[in-house]
Amino acid sequence: MEARFVLLSGDGIGPEIVSQAERVLRWIGKRFGHAFEFSEHLIGGIAIDTCGDPLPQETVDACKASTAVLLGAVGGPKWDDPNAKTRPEAGLLRIRKELGLFANLRPITAYPELVDASPLKREIVEGTDILFFRELTGGIYFGPYSCEDLPGGGQRATSTEVYETYEVERIFRLAAEAARKRRGKLTMVDKANVLEASRLWRRVCAKIAKEEYSDLEYDVVLVDSMAMHLISRPRSFDVVVTSNMFGDILTDEASMLPGSLGMLPSASIGSSGPGLYEPIHGSAPDIAGKGVANPLATILAAAMMLRHSCSLEKEAVAIETAVKKVLADGHRTADIAAAGATKIGTIAMTDKVLAALESA
Ligand code: NAD
């Protein structure tokens with residue numbers, strides 16, 4: 001197939017890790033006979049420095065014309081001034097909006113070789129393999145809000161959770177389709193015992209589950225219970241779908257399960273058009289430029305990009321299998337190495353992934 005990928009390296013370790021994911025994608029293109037094209041564009045702090053805008057129009061246009069976008073990370077102390085006119089993160093929020101990305105997908109995979117780095121016990125975490133679908137463009141983060149001064153002193157602030165049927169339907173169907181391709185289990189998380197918007201989620205999801213996905217094992221869990229279940233029995237979940245705020249909190253909680261930020265990718269997708277793929281970690285300014293960053297989350301994000309934006313499942317699995325082999329063979333960057341273990345750098349880790357692909 002032909003695909004045009006936009007690379008948005010961004011700041012800090014962004015350029016180091018995106019260039020490594022590009023090496024892997026180029027290898028895949030060559031081996032599987034696909035015509036992949038790459039173009040690099042500006043976002044974040046570097047875009048502010050270069051043209052005063054964290055998301056130049058030229059970047060937006062290139063992303064919209066692409067098959068998919070691979071992002072490194074944005075931000076860093078250089079752009080942290082709270083009085084600054086604009087911030088790198090604004091570029092990230094805007095590109096998600098420009099591309100209409102309403103679903104955020106976060107796989108949480110506990111690799112057996114790294115489980116001892118988890119803050120939880122091995123017997124709880126081992127075998128965890130969850131795919132979260134977080135609604136990304138609605139809910140309380142985008143609902144009406146206000147803050148008013150009260151006559152007797154003090155203030156009253158309001159944030160409003162707003163959802164419409166179509167917003168719930170479209171993400172639920174995406175999650176259900178994914179569950180069908182995985183272990184066939186779908187969990188919807190809400191707070192229907194208290195929130196009206198959650199009661200809408202519950203009605204809409206129950207109807208679609210019954211009418212269109214009766215082959216799935218479907219259940220609903222209250223968000224407060226889910227916060228507990230995630231750390232007591234994470235293995236019992238397959239695909240989880242939830243609203244923007246609950247997803248924000250639960251995915252961060254879940255990201256601690258596997259024990260390393262440097263291993264976790266994510267994807268943001270819409271109904272059609274290009275999706276955005278990125279590692280969940282930030283720009284890691286403390287290690288930027290040192291050649292020690294773990295490139296695996298970005299390489300795994302590239303695998304998600306092939307799966308979700310190009311329907312190249314075989315190629316995605318090839319990358320994921322190579323990453324598993326590299327870990328099983330004991331190769332570690334500093335962030336995932338046990339004390340005293342040999343550590344390799346960003347480029348050497350990618351070399352190992354390429355060697356594993358080559359030998360498969
Ligand atoms: P961070 O994720 O950048 O770093 C947290 C810790 O994890 C650091 O010690 C870092 O060295 C380490 N780390 C992260 N990724 C790693 C990797 N691939 N390999 C090895 N170690 C890794 O979070 P932070 O320090 O809170 O934020 C730094 C900057 O990144 C801030 O400006 C923040 O706003 C920004 N940020 C951006 C994104 C994004 O672009 N999506 C997400 C989170 C934070």
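Residues numbered from 1 in each chain as written. Predicted model: local features only at pLDDT ≥ 70, side-chain atom pairs only at ≥ 80, totals over all residues. Heavy atoms only, no water.

1. What to know about the overall build of the protein
Here is step 1: Across its full length, the protein holds twelve helices and twelve strands.
Here is step 2: For the protein, whose C-alpha radius of gyration is 21 Å, the value lies close to the compact-globule estimate of 21 Å for 360 residues.
Here is step 3: Dimensions of the protein, computed from the C-alpha atoms along their principal axes, are close to 60 × 50 × 45 Å.
Here is step 4: Counting the 360 residues in the protein, one finds 51% classified as buried.
Here is step 5: Of the contacts made within the protein by residues no fewer than 6 positions apart, 75% connect residues no fewer than 24 positions apart.
Here is step 6: Separation between the mean location of the 40 positive side-chain charges and that of the 48 negative ones in the protein comes to 3 Å. (Helix = DSSP H or I, 4+ residues; strand = E, 2+ residues; numbered from the N terminus. Rg over C-alpha atoms; globule rule 2.2 N^0.38 Å. Buried < 20%, exposed > 50% of the residue type's maximum accessible area, 1.4 Å probe, protein only. Contact = heavy atoms within 4.5 Å. Lys, Arg positive; Asp, Glu negative; His and termini not counted. Charge placed at Lys NZ, Arg CZ, Asp CG, Glu CD.)

2. Quick notes on helix α10 (residues 296-310)
Here is step 1: Over its 15 residues, α10 extends 20 Å from the first C-alpha to the last, a length consistent with the 21 Å expected when each residue adds 1.5 Å.
Here is step 2: Of all 15 residues that make up α10, twelve are buried, and the element is covered over most of its length.
Here is step 3: Of all the positions in α10, only L296, A297, T298, I299, L300, A301, A302, A303, M304, M305, L306 and C310 are classed as buried.
Here is step 4: Backbone geometry just after α10 places S311 at a positive phi near 55 degrees. (Expected span 1.5 Å × (residues − 1).)

3. Focus: the site of the ligand
Here is step 1: Surveying the vicinity of the ligand reveals 19 residues, the closest of which are V74, G282, A284, D286 and N294.
Here is step 2: Take E89: an N or O atom from its side chain is 2.9 Å from an oxygen atom of the ligand.
Here is step 3: Here D286 contributes a side-chain N or O atom positioned 2.8 Å from an oxygen atom of the ligand.
Here is step 4: Coverage of the ligand by the protein chains reaches 67% of its 810 Å² of free accessible surface.
Here is step 5: Among the residues making up the shell around the ligand, the classes are represented as nine nonpolar, six polar and four charged. (Near = heavy atom within 4 Å. Polar contact = N/O pair within 3.5 Å; in protein donor to acceptor, adjacent residues only side chain to side chain. Areas by Shrake-Rupley, 256 points an atom, 1.4 Å probe, with all protein chains shown as cover. Nonpolar A, V, L, I, M, F, W, Y, C, P; charged D, E, K, R; others polar.)

4. Side note on the domain arrangement of the protein
Here is step 1: As far as domains go, the protein holds domain 1 (1-109 + 260-360) and domain 2 (129-256).
Here is step 2: Computed from C-alpha atoms alone, the centre-to-centre distance between domain 1 and domain 2 is 26 Å.
Here is step 3: The interface of domain 1 with domain 2 comprises 14 residues on the first partner and 16 residues on the second.
Here is step 4: Interface of domain 1 and domain 2: buried area, both sides summed, is about 1,400 Å²; carbon and sulfur atoms make up 63% of it.
Here is step 5: Per-residue buried area on domain 1 facing domain 2 is highest for F102, R106 and I108; these three make up 49% of the total on that side.
Here is step 6: Linking domain 1 with domain 2 are one salt bridge.
Here is step 7: Its salt-bridge partner being D252, residue R106 comes within 3.3 Å of it at the nearest N-O pair.
Here is step 8: Between the two partners, domain 1 and domain 2, sit six residue pairs in polar contact (both at pLDDT 80 or more).
Here is step 9: Secondary structure elements with two or more residues in the side of domain 1 that touches domain 2: β4 (103-109) and β11 (265-269).
Here is step 10: Of the residues forming the side of domain 1 that touches domain 2, the biggest block, seven residues, is contributed by β4.
Here is step 11: Here the side of domain 1 that touches domain 2 is built from residues that sort into nine nonpolar, three polar and two charged. (Domains from an automatic or database assignment. Buried area = accessible area lost by both parts, 1.4 Å probe. Salt bridge = Lys/Arg side-chain N within 4 Å of Asp/Glu carboxyl O.)

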